[in-house]
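# A structural walkthrough
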Amino acid sequence: MRDRARVVVVGAGIGGASIAWHLAQRGETDVVVVERSEPTSGSTFHSAGLVGQLRGSLPLTTMMMHSVDVYRRLEADAERTGRSTGWREVGSLRIASTTPRMEELRRQYGWAQTFGLPMELLSARECVDKFPLMSPDGVLGGVWLPTDGFLDPSGVTHAFVGGAKDLGIEFATGVRVIGFTIDHGRVRAVVTDHGTIECDVCVLACGMYTPDVAALAGVNVPIVPMAHQYLITKRVDGVTDDLPQLRDPDNLVYFRREGDGLVLGGYERDPAPWSLHGVPDDFNNKLLSEDWDRFAPIMANACHRVPAAESADIVSLVNGPEGFTPDNEFVLGESHVHGLFVAAGFCAHGIAGAGGVGRAISEWILDGQPSFDCWKMDIRRFGAQYRSREFALARSVEVYSTYYDIHYPNEEKHAGRPLRRSPAYSRLVELGCVFGEKSSWERPNWFAPNERAEHDNQRPAGWAGEHWSSALVTEARAARDTAVLFDETSFSKLELEGPGALAFLQRVCANQIDRPVGSVVYTQLCNQRGGIECDLTVTRVGAQRFLVVTGTAFGQHDLGWIRTQLDREPPAEPVHARDVTSASACFGVWGPRARDILAPLTRQPLDNEAFPYLTARECSIGAVPTIALRVTYVGELGWELYCPTEYGQALWDLLWEAGAEHGLVAGGYRAIDSLRIEKGYRVWGADISPDDTPYEAGLGFAVALDKGVDFVGRAALADQKANGVTRRLRAVQLDDPTAVALGSEPVRIDDKVVGRVTSGGVGYRTNASVAYVYVPATLSEFGRSVDVEIFGDRVRGTIVRDPIWDPSGERLRA
């Protein structure tokens, strides 16, 4: 075994093998793959092998589609190489037995069109024609995707391994990792029981073993092995070579052909976590004991849908552990140890996603970032609470047990709650708060006493009306008419401090940060392509100290991005970046009466001359030391008030009491979303992402090309400004105000799909349903008619100027 390689990949299952193959395809062959046993000996060998492309997110679907392209390529080359993947492109059928499921399938059908996937909507009779073995009992219809298929997991893994070896990559089997050499926060070597390999990059692609291996480097990877079972039958009459996959999520089951028999499995309501204290050292090429009692409900559902399964002879019941994560998404990307990457936690669809995983990780290593947004799978999304085995377990059990459930918009998780609470939490409870959760924070969704029967007619149609309350109307309108008090303590707060802080921020921020102390700057942090990696505000609170405020769910991501930039190009003078979220509470007071509420509580003048928009002042609110930022995410006059956490309840009480005579209302985040839709404020991860630039997103006002600094992404943005954009984010106002786009719906112009909805919602003061969508620049003129397909129905809309509320910005500067 070599003692030096640029890249060491740990694990030779399908994930690690795909990464090695993709690196080799890019010309990077200074790679060693180490495997504790032999390829496929973990979870890969017992995987069911189904490959479905359409998933619930853009990046995951992109990965699955790339996987299919790779599997086709490998199989086409099998005659030459002798390495068959077993790829069979027989198509997949997903059926609905309930009305909500059929609605879900119609939504998926629209989603598929935005990718160019050839999905078809089928009647119940047409479903039987595709899968003659199925009973049509209760079936309402289905969707058919002919480019899906199945494969031999071991075969495709060995095809990856062989292809990588052909190009010079070394595989060392029977080699166990026992430690790492970490120097100044960077991985320098992988220590094995056969010697040490110096490296620049290490990728942990060891499946369910990854948490144990990562812990040797001080990295937490929240993966829980779950016992997953499927049955293999002997011959079943009617099974043909071209029999497609079948998924019946209402009955929790799936099927595919296996020889002249069937594979049938599913996702139980009573998950069985396994080996929670670490995978045994000798657990290689092993299965768990058959658990017929736990499989019985799945078997009964399978026999209901495919009656021939009941009389089929059984080959075996396969019970093998699969690594699941607390949110049912992959764990990918660079950890807090620089150069140490993770690619694991595939949640039983690693076979379908392995090709895309290989592409993403190889791009991360060779280009510094993937070519598409992978935030929902990024390891940085997990906060410190996921170091708790109990918390990670509770969340993982919840997502496994609801794997096939219909997940309506704004659905909340329940496991592991409540955990993180604002200092005003008890006051919120007293006020009848209905809580949601984000990043383990308990946050107000709305307040039940604000519900009004006269607002019930504002309930949106369809799925948008689920998890809805008339309180949203009350709270949103109060922000426009009087004032609302929002608890925003969960906002992620970062601090950058040091003599090099300003120069560093100037280098990574697109906007001008070199402004006087007390300035608040809205800015993006871009990648080299000009794509938006972070969307946040920077407040200069001192000559060498800056407060960075970003979304609740994005603090770990943004801090990780900042630290990566510090590592890639260390500043000439010291810069310290830290997460200070828990150090302060934050309350937003917004609305036309906000100044009247605050004025009696402080000696700080609040007029426009003394306290203009986008400035910050240190002041006292009553006896509470506060940093007040005149900034807004709802488009109204007001302030964000930050105070040390221990003062939080006192500050809430002061504001609540002072607001009583001015009609102050307590509000939640769902009202904020309605208000930001009207005001045209973008959401990172939906409207803007690493794949979108500020100029495309209508945020060119926040780009300072003339600030005299070659900031990250400047060249790409300068080129785009000079040559023009090819697409623009536009607001589409729907003709039917009760029809609400949830995101990902296809958008047509002249009967041609030109884009997909990024986000949508209802503005309750304008009574408008608005959807945001990127459309070709040549088709983006205001007044153009478009069609948005919502659950199979085409809803007419018009491209309008945004914001539709207070377009001049007079109200927030009042």
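The paragraphs below set out a description of the structure included in this document. Here the structure is a predicted model, which is why all the values come from computation and not from measurement.

Rules used in this analysis
- Residues numbered from 1 in each chain as written.
- Predicted model: local features only at pLDDT ≥ 70, side-chain atom pairs only at ≥ 80, totals over all residues.
- Heavy atoms only, no water.
- Pairing = 2+ DSSP bridges.
- Helix = DSSP H or I, 4+ residues; strand = E, 2+ residues; numbered from the N terminus.
- Axes fitted to C-alpha atoms, helices over the stretch in contact; angles between N-to-C directions.
- Contact = heavy atoms within 4.5 Å.
- Polar contact = N/O pair within 3.5 Å; in protein donor to acceptor, adjacent residues only side chain to side chain.
- Salt bridge = Lys/Arg side-chain N within 4 Å of Asp/Glu carboxyl O.
- Buried < 20%, exposed > 50% of the residue type's maximum accessible area, 1.4 Å probe, protein only.
- Core = buried A, V, L, I, M, F, W, Y, C linked by side-chain atoms within 4.5 Å.
- Expected span 1.5 Å × (residues − 1).
- Phe/Tyr/Trp six-rings, centres within 6.5 Å; stacked < 30°, edge-to-face > 60°.
- Parallel < 35°, antiparallel > 145°, perpendicular 65-115°, else oblique.
- Nonpolar A, V, L, I, M, F, W, Y, C, P; charged D, E, K, R; others polar.
- Lys, Arg positive; Asp, Glu negative; His and termini not counted.

On to the sheet that holds strand β2 (residues 31-35). Reading across the sheet, the six strands line up as β8-β2-β1-β12-β19-β18 and stay open at both edges, with mixed pairing between neighbours. Looking along the sheet, the strands with just one partner apiece sit at the ends: β8 (170-173) and β18 (331-334). Averaged over neighbouring strand pairs, the angle between their axes works out to 20° when direction is ignored. Strand direction decides the pairing type here: strand β12 (residues 201-204) and strand β19 (residues 340-344), joined by three bridges, are parallel. Counted as the bridge partner of Cys202 is Leu340 from β19.

Our next topic: the environment of Asn608. By the secondary structure assignment, Asn608 is in the loop between α15 (594-598) and β29 (616-621). Placed 26 residues apart in sequence, Asn608 and Val634 show a C-alpha to C-alpha distance of 19 Å. Contacts of Asn608, omitting those with residues within four sequence positions, involve Arg595, Arg630, Arg813 and Ala814. For Asn608, the side chain forms a polar contact with the side chain of Arg630, separated by 2.5 Å. Side-chain polar atoms of Asn608 contact the backbone oxygen of Arg813, separated by 2.9 Å.

Once that is clear, we can look at the pattern of salt bridges. Where charged atoms of side chains with opposite charge meet at close range, the side chains can pair. Applying the stated criterion across every chain yields a total of 50 salt bridges. The salt bridge involving Arg427 is made with Glu430; its shortest N-O contact spans 3.7 Å. With Arg427 and Glu430 both in helix α11 (residues 425-430), this residue pair falls three residues apart, about one helical turn. Of the residues examined, Glu430 reaches a relative accessible area of 60% and is grouped as exposed. For Glu789, the salt bridge goes to Arg748, with nearest N and O atoms at 2.8 Å. Taken together, the residues Glu789 in strand β37 (residues 785-790) and Arg748 in strand β34 (residues 746-749) connect sequence positions 41 residues apart.

With that settled, consider the sheet that holds strand β30 (residues 624-629). Spatial strand order, β29-β30-β31-β28-β22-β32: six strands in an open sheet with mixed pairing. What marks the edges here is a single partner per strand, and that holds for β29 and β32 (664-667). In this sheet, adjacent strand axes meet at a mean angle of 30° when their direction is disregarded. Pairing analysis gives six bridges linking β29 to β30, with the strands arranged antiparallel. Each bridged residue has a counterpart across the sheet, and for Arg617 the counterpart in β30 is Ala628. Along the sheet, helix α12 (residues 471-481) contacts β22 (483-487), β28 (584-590) and β32; its crossing angle with β22, the most-contacted strand, is approximately 120°.

The subject of this paragraph is the nonpolar core. Counting 48 residues, the largest nonpolar core has Tyr71, Val203 and Leu332 as the members making the most contacts within it. Elements with a minimum of two residues in this core: β1 (7-10), α1 (14-25), β2, α2 (58-76), α6 (153-166), β12, β19 and α9 (350-367). In contact with Val203, other than residues within four places in its own chain, are Val7, Val8, Val9, Val10, Ile19, Phe341, Ala343, Ile361 and Ile365. Counting 46 residues, the second largest nonpolar core, distinct from the first, contains Cys127, Tyr230, Leu252 and Tyr403.

β37 sits mainly inside the fold: five of its six residues count as buried. Pairing geometry for β34 and β37, over two bridges, is antiparallel. Each residue of the ladder has a partner; that of Val747, found in β37, is Val788. In terms of strand pairing, β37 meets strand β38 (residues 793-800) through six bridges, oriented antiparallel. Residue pairing across strands places Val788 opposite Val795, the latter belonging to β38. Between β37 and β38, which pair antiparallel and follow one another directly, the connecting turn spans two residues, one of which, Phe791, has a positive phi of 55°.

Moving on: α2. The terminal C-alpha atoms of α2, which comprises 19 residues, lie 27 Å apart, in line with the 27 Å expected from a rise of 1.5 Å per residue. Buried residues of α2: Pro59, Leu60, Thr61, Met63, Met64, His66, Ser67, Val68, Val70, Tyr71 and Leu74, and no others. At the N-terminal end of α2, a side-chain oxygen is found 3.3 Å from the backbone nitrogen of Leu60, two or three residues along, and the residue is Ser57.

The subject of this paragraph is the packing of aromatic side chains. Taken as a whole and assessed by the stated rule, the structure comprises 29 aromatic pairs. Note on Phe324 and Tyr400: the rings are 4.9 Å apart at their centroids and 70° apart in plane angle, and the pair reads as edge-to-face. Of the two residues, Phe324 is situated in strand β17 (residues 314-324) and Tyr400 in helix α10 (residues 389-401); the sequence distance between them amounts to 76 residues. Note on Phe324: relative accessible area 0%, which makes it buried. Consider the rings of Trp652 and Trp656, whose centres lie 6.3 Å apart with planes at 15°: the pair is stacked. With Trp652 and Trp656 both in helix α16 (residues 648-659) and four residues apart, the pair spans about one turn of that helix.

The next thing to look at is the environment of Tyr681. Topologically, Tyr681 is positioned in the loop between α17 (669-679) and α18 (714-723). Taking the C-alpha atoms as reference points, Tyr681 and Asn445, separated by 236 residues in sequence, lie 19 Å from one another.

In the contact formed by α1 and α2, the axes pass within 13 Å of each other and the chain directions differ by 75°. Classed by the angle they form, the pair α1 and α2 counts as roughly perpendicular. Facing Ile14, Trp21, His22 and Gln25 of α1, the residues of α2 in contact are His66, Val70, Tyr71, Arg73 and Leu74.

What follows is about the packing of helix α13 (residues 501-508) against helix α14 (residues 555-568). Close contact between α13 and α14 brings their axes to 11 Å; oriented N to C, the two are set at 105°. Between α13 and α14, the angle is such that the two are roughly perpendicular. From α13, Phe504, Arg507 and Val508 reach across to α14, where they touch Ile562, Gln565 and Leu566. For the contact of α13 with α14, the per-class residue count stands at four nonpolar, one polar and one charged.

This part is about the side chain of Glu475. Its place among the elements puts Glu475 in helix α12. Buried charge Glu475 goes without a salt bridge, the closest partner of opposite sign being Arg452 at 8.5 Å. Here Phe447 takes part through its backbone nitrogen, which lies 2.9 Å from a polar atom of the side chain of Glu475. Contacts of Glu475, omitting those with residues within four sequence positions, involve Asn445, Trp446, Phe447, Asn450, Val484, Val665, Ala666, Gly667, Gly668 and Ala671.

Where burial is concerned, most of strand β23 (residues 492-497) is hidden: five out of the six residues are buried. Of the strand pairs in this sheet, β23 and strand β27 (residues 576-579) are connected by four bridges, and their pairing is antiparallel. Note that in β27 the partner of Glu497 across the bridge is His576.

Now for the side chain of Ser396. Take Ser396: it is sitting in helix α10. When sequence neighbours within four positions are dropped, the list of residues in contact with Ser396 reads Val224, Met226, Phe324, Thr325 and Pro326.

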